[in-house]
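Listed below are the residues making up each chain.
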Amino acid sequence: MRCEDSHAWWRLVDGPGEPPAGEMLCPEDGGEAVVAMRHPLADRVTVTLVPAAWEREGTIGFRDEYFVEISSHRHAETLRSARTYSWETAQERLAWFKDIDWEAAKRRWTRGDFTKPA
Ligand SMILES: [Zn+2]
């Protein structure tokens with residue numbers, strides 16, 4: 001979106017409707033957007049690190065263990081790893097899914113160690 005003073009800003013809008021009124025206001029000067037364009041989201045993978053930390057009778061375990069989860073556009077499909085990873089390794093695994101579409105992501109998922117228990 002763009003205001004009269006040529007400030008430009010972007011918002012992620014869920015669904016087909018208009019963005020909330022507040023998002024149509026320039027973040028710099030509060031002016032109304034005079035130009036608004038919609039770009040449909042490309043088929044890209046959403047990645048999530050899910051903490052596996054557990055708590056029982058005051059003890060916390062699995063502090064540095066994370067499940068890796070990937071989702072297709074709008075979370076239509078989700079895959080979660082069978083095993084857990086350390087924070088550093090989990091971030092490396094998530095990087096495998098940078099800027100690729102869902103079909104490519106599923107191929108990488110099956111080639112990786114995600115479905116194998118640790
Ligand atoms: Zn402005």
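Residues numbered from 1 in each chain as written. Predicted model: local features only at pLDDT ≥ 70, side-chain atom pairs only at ≥ 80, totals over all residues.

1. A look at the overall build of the chain
Helix and strand counts for the chain stand at 2 helices and 7 strands. Across the chain, helices and strands are ordered from the amino to the carboxyl terminus as β-β-β-β-β-β-β-α-α. Taken against the 2.2 N^0.38 rule, which gives 13 Å for 118 residues, the C-alpha radius of gyration of the chain at 20 Å runs more than 25% over that of a compact globule. Taking all 118 residues of the chain together, 10% fall into the buried category. A separation of at least 24 residues holds for 50% of the contacts in the chain among residues at least 6 apart in sequence. (Helix = DSSP H or I, 4+ residues; strand = E, 2+ residues; numbered from the N terminus. Rg over C-alpha atoms; globule rule 2.2 N^0.38 Å. Buried ≥ 20, exposed ≤ 12 C-beta atoms within 10 Å, placed from the backbone. Contact = placed C-beta atoms within 7 Å.)

2. Notes on the domain arrangement of the chain
Here the chain is described as being made up of domain 1 (1-40) and domain 2 (46-111). Between the C-alpha centres of domain 1 and domain 2 the distance comes to 33 Å. (Domains from an automatic or database assignment.)

3. Concerning the nonpolar core
One finds Tyr66, Val68, Tyr85, Ala90 and Phe114 forming the largest nonpolar core, which totals 5 residues. The contacts of Tyr66, once residues within four sequence positions are left out, are Leu49, Val50, Pro51, Ala52, Thr84, Tyr85, Trp87 and Ala90. (Core = buried A, V, L, I, M, F, W, Y, C linked by C-beta atoms within 7 Å.)

4. Thoughts on the pairing of strand 6 (residues 66-71)
Burial of strand 6 is one-sided: the residues Tyr66, Val68 and Ile70 facing one way are buried, the residues Phe67, Glu69 and Ser71 facing the other way are not. In this structure, strand 3 (residues 46-51) lies alongside strand 6, joined through 6 bridges in antiparallel fashion. Among the inter-strand pairings, Thr48 is bridged to a residue of strand 6, identified as Glu69. Relative to strand 7 (residues 78-80), strand 6 is paired through 3 bridges, and the arrangement is antiparallel. Bridging across to strand 7, Glu69 finds its partner in Arg80. Linking two consecutive strands that pair antiparallel, namely strand 6 and strand 7, is a turn of 6 residues; a positive phi of about 55° is found at Arg74 within it. (Pairing = 2+ DSSP bridges.)

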